[in-house]
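Coordinate analysis (summary)
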Amino acid sequence: MMKKILISFAASALILAASSCSDYLEEEVKVGAAPELAFSTASGIEGLVANTYSFARGWYGKEAGLGLSEMGTDLFYYGYDNKQKSLNSYNLTAESLDGNTSDNACLDQYWELFYSAVDVCNRALKYVPVNEFINDTKKDQFMAEAYFMRAFYYWHMVNIWGPIPYNDQPQSEIIYAPERVSEEVIYSNMLADLDEAIRLFDAAGYNIKTEGRANYWAARALKARVLLYAASWLGESSLGGDYSGNLYEKAQAEAEAVIGSGIASFYDNYSDTWTMANEDIRQNQEAIWGISYSPDVSGPANTIPKRYRKNNSGDPLDYNGLITRTGYGRGGSAMVLMFAGMWNNGASDLGGNGKEVFVRALGESTFYITHSVTGEKVWVAEYYSPYSRGFTRYLPSLYLFQSLEEIRATDQRPEATLQNAYTIAPGLEGSAQKYPSIQDTAIYYAPLDGNSPEGQALQAWAKDRYRVQFMAGGDIPLYTSMDPAFALPTEAAKETSDVYGDDRYNTYKIGGWCSFPGIKKFQNDVWDPNYPTPDISHRDAIVLRLAEMYLIKAECQLYTGNGSALETLNELREVRAIEGQEEANKLSGTATLETVLHERALELCGEQQRWFDLKRTRTLVDRVKAYNAQAGGQVTANHLLRPIPQAQFDAITNESNTPGTGFWQNSGY
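Reference entry: report on the structure contained in this document. Nothing here was measured: the structure is a model prediction, and the numbers come from that model.

It is worth spelling out the overall build of the protein at this point. A count of helices and strands for the protein gives 21 helices and 15 strands. What you see for the protein is a C-alpha radius of gyration of 25 Å, in line with the 26 Å of a compact globule of 669 residues. Along the first, second and third principal axes, the C-alpha atoms of the protein reach 75 × 55 × 50 Å. Burial statistics for the protein: of 669 residues in total, 64% are counted as buried. As presented, the protein carries roughly 22,900 Å² of accessible surface, and 47% of it is formed by carbon and sulfur atoms. In the protein, 57 side chains carry a positive charge and 84 a negative one; their mean positions are 3 Å apart.

Our next topic: the packing of helix α7 (residues 183-204) against helix α8 (residues 216-234). Between α7 and α8, the least distance of the axes is 9 Å, while the angle of their chain directions is 160°. Taken together, α7 and α8 sit at an angle that is classed as roughly antiparallel. Here the hand of the crossing between α7 and α8 comes out left-handed. Contacts between α7 and α8 involve Glu-183, Glu-184, Tyr-187, Met-190, Leu-191, Leu-194, Asp-195, Ala-197, Ile-198, Phe-201 and Asp-202 from the first element and Tyr-216, Ala-219, Arg-220, Leu-222, Lys-223, Val-226, Leu-227, Tyr-229, Ala-230, Trp-233 and Leu-234 from the second.

It is worth spelling out helix α6 (residues 136-161) at this point. With 26 residues, α6 ought to run about 38 Å at 1.5 Å a step, and its terminal C-alpha atoms sit 37 Å apart, in line with that. Along α6, 22 of the 26 residues are buried, which leaves the element largely enclosed by surrounding structure. Its side-chain oxygen 3.2 Å from the backbone nitrogen of Thr-137, Asn-135 forms the N-cap of α6.

Tallied over the full model, the rule gives 41 salt bridges. Arg-610 is paired through a salt bridge with Asp-74; the nearest N and O atoms lie 2.8 Å apart. With a gap of 536 residues between them, Arg-610 in helix α19 (residues 610-616) and Asp-74 in the loop between α3 (63-70) and β3 (76-78) connect regions that are remote in the sequence. Residue class for Asp-74 comes out buried when judged on its relative accessible area of 0%. For Arg-623, the salt bridge is made with Glu-594, and the minimal N-O distance between the two is 2.5 Å. You can see Arg-623 sitting in helix α20 (residues 620-627) and its partner Glu-594 sitting in helix α18 (residues 593-604), a full 29 residues away along the chain. Put simply, Glu-286, Asp-411, Arg-413, Lys-521, Arg-545, Arg-573, Arg-576, Glu-599, Glu-603 and Glu-607 are held in one network by salt bridges that share partners.

What follows covers the packing of aromatic side chains. Each pair of aromatic rings is reported with the distance of its centres and the angle of its planes. All told, the structure shown has 51 aromatic pairs when counted by the stated rule. Judged by centre distance (5.6 Å) and plane angle (50°), the ring pair of Trp-59 and Phe-114 falls under tilted. Of this pair, Trp-59 sits in the loop between α2 (42-54) and α3 while Phe-114 sits in helix α5 (residues 107-127), and the two are 55 residues apart along the sequence. The burial state of Trp-59 is the same as that of Phe-114; both residues are buried. Measuring from ring centre to ring centre gives 5.8 Å for Tyr-383 and Tyr-384, while their planes differ by 75°; the resulting arrangement is edge-to-face. Under the relative-accessibility criterion, Tyr-383 is labelled partly exposed at 35%. Directly above the aromatic system of Trp-461 lies the positively charged group of Arg-465, at a separation of 4.0 Å from the ring centroid. Above the face of the Trp-611 ring, Arg-642 is positioned so that its terminal group lies 3.9 Å from the ring centre.

What follows concerns the layout of surface pockets. Here the largest pocket defines a volume of roughly 260 Å³. When grouped by side-chain class, the residues that make up the lining of the largest pocket number four nonpolar, four polar and eight charged.

Turning our attention to the nonpolar core. Generally speaking, soluble globular proteins have nonpolar side chains that are buried together. The biggest cluster of nonpolar side chains holds 195 residues, and the ones touching the most others in it are Phe-148, Phe-152, Tyr-153, Trp-161, Trp-289, Phe-358 and Tyr-384. Broken down by element, this core gets its largest block of residues, 16 residues, from α6. The next biggest cluster of nonpolar side chains, apart from the first, holds six residues, and it includes Ala-446, Ala-462, Val-468 and Phe-470.

What follows concerns the side chain of Ser-232. Secondary-structure assignment places Ser-232 in helix α8. Overall, the relative accessible area of 15% leaves Ser-232 in the buried class. Engagement of the side chain of Ser-232 in a polar contact is seen with the backbone oxygen of Tyr-229, the distance being 3.4 Å. For Ser-232, the side chain forms a polar contact with the side chain of Arg-616, separated by 3.1 Å. Those residues in contact with Ser-232 that lie beyond four places of it in its chain are Tyr-248, Glu-555, Arg-616 and Arg-618.

What follows covers unusual backbone geometry. Phi is positive for Asp-464, which is not a glycine, with a value near 75°. Its location among the elements puts Asp-464 in the loop between α15 (453-462) and β11 (467-472). A relative accessible area of 28% places Asp-464 in the partly exposed class.

It is worth spelling out the pairing of β11 at this point. Of all six residues making up β11, six are buried, and the element is well covered by its neighbours. Here five bridges tie strand β10 (residues 441-449) to β11, and the two strands are oriented parallel to one another. Bridging across to β11, Tyr-444 finds its partner in Val-468. Crossover handedness for the path β10 to α15 to β11: right-handed.

This part is about the environment of Arg-309. Within the secondary structure layout, Arg-309 lies in the loop between β4 (287-291) and α10 (321-324). Overall, Arg-309 belongs to the partly exposed group, its relative accessible area being 28%. Spatially, the C-alpha atom of Arg-309 lies 22 Å from that of Asp-103, the residues being 206 residues apart in sequence.

With respect to the helices, strands and loops of the structure, Gln-665 is situated in the segment after β15 (663-664). On the basis of relative accessible area, Gln-665 is assigned to the buried category, the value being 18%. For the pair Gln-665 and Leu-488, spaced 177 residues apart in sequence, the C-alpha separation works out to 32 Å. A polar contact is formed between the side chain of Gln-665 and the backbone nitrogen of Ile-644, at a distance of 2.7 Å.

Moving on, we come to the sheet that holds β10. Reading across the sheet, the three strands line up as β9-β10-β11 and stay open at both edges, with mixed pairing between neighbours. Of all the strands in the sheet, just β9 (421-423) and β11 have a single pairing partner and so form its edges. Pairs of neighbouring strands in the sheet enclose a mean axial angle of 20°, with direction left out of account. Examined bridge by bridge, β9 and β10 share three bridges and lie antiparallel to one another. Following the sheet pairing, Tyr-422 is matched in β10 by Ile-443. Of the strands in this sheet, β10 and β11 are in contact with helix α13 (residues 398-406), which crosses β11 at around 105°.

Conventions adopted
Residues numbered from 1 in each chain as written. Predicted model: local features only at pLDDT ≥ 70, side-chain atom pairs only at ≥ 80, totals over all residues. Heavy atoms only, no water. Helix = DSSP H or I, 4+ residues; strand = E, 2+ residues; numbered from the N terminus. Rg over C-alpha atoms; globule rule 2.2 N^0.38 Å. Buried < 20%, exposed > 50% of the residue type's maximum accessible area, 1.4 Å probe, protein only. Areas by Shrake-Rupley, 256 points an atom, 1.4 Å probe, with all protein chains shown as cover. Lys, Arg positive; Asp, Glu negative; His and termini not counted. Charge placed at Lys NZ, Arg CZ, Asp CG, Glu CD. Axes fitted to C-alpha atoms, helices over the stretch in contact; angles between N-to-C directions. Parallel < 35°, antiparallel > 145°, perpendicular 65-115°, else oblique. Left-handed = near helix turned anticlockwise from the far one by under 90°. Contact = heavy atoms within 4.5 Å. Expected span 1.5 Å × (residues − 1). Polar contact = N/O pair within 3.5 Å; in protein donor to acceptor, adjacent residues only side chain to side chain. Salt bridge = Lys/Arg side-chain N within 4 Å of Asp/Glu carboxyl O. Phe/Tyr/Trp six-rings, centres within 6.5 Å; stacked < 30°, edge-to-face > 60°. Lys NZ or Arg CZ within 6 Å of the ring centre and 35° of its normal. 1 Å grid on protein atoms, 1.4 Å probe; cavity = no way out; pocket = protein on both sides within 12 Å on 5 of 7 lines; lining within 4 Å. Points joined across faces, edges and corners; volume = space filled by probe spheres on them. Nonpolar A, V, L, I, M, F, W, Y, C, P; charged D, E, K, R; others polar. Core = buried A, V, L, I, M, F, W, Y, C linked by side-chain atoms within 4.5 Å. Pairing = 2+ DSSP bridges. Right-handed = clockwise from strand over helix to strand, strands pointing away.

Functional significance is not addressed by these values, which are geometric in nature.
See the structure below:
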């Protein structure tokens, strides 16, 4: 059942060697060396294993990966400057990115990237056992890492495309008639890989996270996730052989083992999970495992490998900028940009391009603002650095905004997650001429209907103090409705303000698609004068963390009767509660799948899981229709799978119009 996949390039063309593995996983591409020679040395094999991780940097912390994992869900709308609006409108096609660089889902390049990553894992599994310069303990560790990463990449592919070709050997030839393998087989293979990784990590005694690599507990955490996905998507008894029986019970057991292992623990303050002071997954208390980024974002250390596919001159092609963000000269995570609204260069109410009180700190000349009244020079750079550059890619849905605000009085997560206000640097009080009474707040996103008595009272109080934008209603609403099923981000200019009678809001930038409450989780909140307002960051991407294990456990308990799902969710709620609000923050009643999905939204929003959650639980269509008006009119059950890239069909000989035979396209594409 294990078949080789057609990729229209020779995998053996790229040989990878490490330049360093001491502080983080760093790879260097070597072209032209024979695999047997390159991988026969200690450094060569270390580099090969390190390179199994590098492809993940093309998904985690990148715009295109974020689009495929968060867009078109109940949690986010596209903003004004989003580059992949088709993901939210579900106008997806199999078109190649090479032929269309505007508003494309990058599916063909991700198909290539993931299969390239699998090929590197397969090479590691072939060459590690025969290397004579590493000891048996190191061989066990390296083999475990390769098994783990192969399962990790297949987890993405099977959830994006469903049945796909499965390749467990290094590719040495082009296969023109690949076969799509059932999801049950792929899940069984992933679980077999994870079981082998767990066994080998255990044999090597590798159960730590201090090196930023996969480890014993990371493998068990990923196994818990894979088992949950198999149970919810394929059925609780869908797998046979070693994985027969109730998959929810197996997932729960793995999650409970990880919870009890001590590999991770909760911070007293939820915000500590996300501060840049704790961004390194090796030290982050709650992280189990993730994708490492080097602090040196100015060099090529954080970039992904070149494509295996070549141009007419025989040189490897580059991956698209939506996947690399900054090309190959420098690199890092782009999450710092993805959820930021326009705060400094929106409407003229805060000065020309916001410069009376706001400015992007990009260099020495922008580190100060001259007070418009006193003429005093005020230092602002460190204060505004966390606000990022305002690319308006993704904004929270009304449902997400409302859900976070509902628990603000008792729970730490809204304050740590949502940027619901922008404040000015100390010393600039009274500097905004159109808000002469400005003190600290400059923009406030109020969780109210602006036409309600409470909204009208706040609007009157805010006059001359700061700009207030309401969920809906009022002078400048964020959304067109207070009903999540119909709410869209506003886009129109306000020609004449109802409150001020002038044109300060007469620009499209005042609409909710440009000016909105951003997500704070991924901000650079620690001042770095070398990158004062960065467009990329060295923040590591936390892929597996302790809170998810509680959420997995609770979801499994809905179907197994092994404990109380509500009790498990309340254990997490108690940890996330504001001090003194532990009891008030707990849930009551009976937990359902809706309860679990709601808690996953509060906890995991923006962490590149939501689309997969809704897909695997088959709640995507209903929840999108209920909570995302940008997508609700187009989404159908066909969208539970993405289209197989057209580039793949262009290169094969066994294309079929009949699902289940030959190589067919997913339904609806």
